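So you can see what is in the structure, the chains are spelled out below.
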Amino acid sequence: MRAAVVLAALSSLVMAAPQGEPGQDSKIGLIFTYTNGSQSAMEWVEDSISQVPLNSGGIVDNVFVEPLSNPALPGRYFGARCAFLDAMSRGLGVGQVNGPGIIILESKDVIEFVQCNTA
Ligand SMILES: *[C@@H]1O[C@H](CO)[C@@H](O)[C@H](O)[C@H]1NC(C)=O
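Below, the structure is looked at part by part. For every chain, the first residue of its written sequence is number 1, and the numbers climb from 1 along that sequence. Local features in this predicted model are restricted to residues whose pLDDT is 70 or higher, and side-chain atom pairs enter the listing and the counts only when it is 80 or higher, whereas totals over whole chains, interfaces and linings include all residues. Side-chain figures throughout are based on the complete set of non-hydrogen atoms in the structure, without hydrogens or water.

## Observations regarding the sheet that holds strand S1 (residues 27–34)
Rules: Should DSSP find at least two bridges between two strands, the strands are taken to pair. Only DSSP runs of H or I with at least four residues qualify as helices, and only runs of E with at least two residues qualify as strands; both kinds are numbered from the N terminus onward. Fitted lines through C-alpha atoms give the axes, limited to the stretch in contact for helices. The angle between two N-to-C directions lies from 0 to 180 degrees.
The strand order across the open sheet built from 4 strands is S2-S1-S4-S7, with neighbouring strands paired in antiparallel fashion. For this open sheet the edge positions go to strand S2 (43–46) and strand S7 (101–110), each flanked by a neighbour on one side alone. Sheet twist, expressed as the mean angle between neighbouring strand axes with direction ignored, is 35°. Two strands pair when backbone bridges link them, and S1 and S2 are joined in this way by 4 bridges, in the antiparallel orientation. Bridge pairing in S2 places Ile-28 opposite Val-45.

Structural data, given as structure tokens:
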């Protein structure tokens, strides 16, 4: 399972975030899948290189990530890099998607902080 975690040690060019309209067009969507198999509603987080508080509401196995859509190419997406952290800001998992996709946590636990940026 952990093979699906793409370590962010991979160098990646960080593109400037598009200046979208305020709202979800400029945010990255996350859906938590808990270890019991149920899923959260989609949560929207800022495209940011800073950690932001976001409680997952349960022990998370994996996270579906919906990156920003690319306005120049309808139906296409930018990539997104996300890190998920516990209450002590310890990393639970990190990964990158090149479109809507899943990042599997290395350590299954309750997420308290997330950091997602367009990459
Ligand atoms: C699964 O876990 C989540 C998070 O703890 C919880 O909200 C949900 O009610 C649970 N679902 C079931 C079917 O136990």
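Read on for the rest.
## With respect to the sheet that holds strand S3 (residues 52–53)
Two modes of strand pairing occur in sheets, parallel and antiparallel, and in both the strands are linked by backbone hydrogen bonds. The strand order across the open sheet formed by 4 strands is S3-S8-S5-S6, and the pairing between neighbours is antiparallel. Strands with a single pairing partner mark the edges of an open sheet, and in this sheet they are S3 and strand S6 (91–97). Two elements, strand S5 (residues 80–85) and S6, share 6 bridges in a ladder whose sense is antiparallel. Its bridge partner being in S6, Cys-82 is matched across the sheet by Gly-95.

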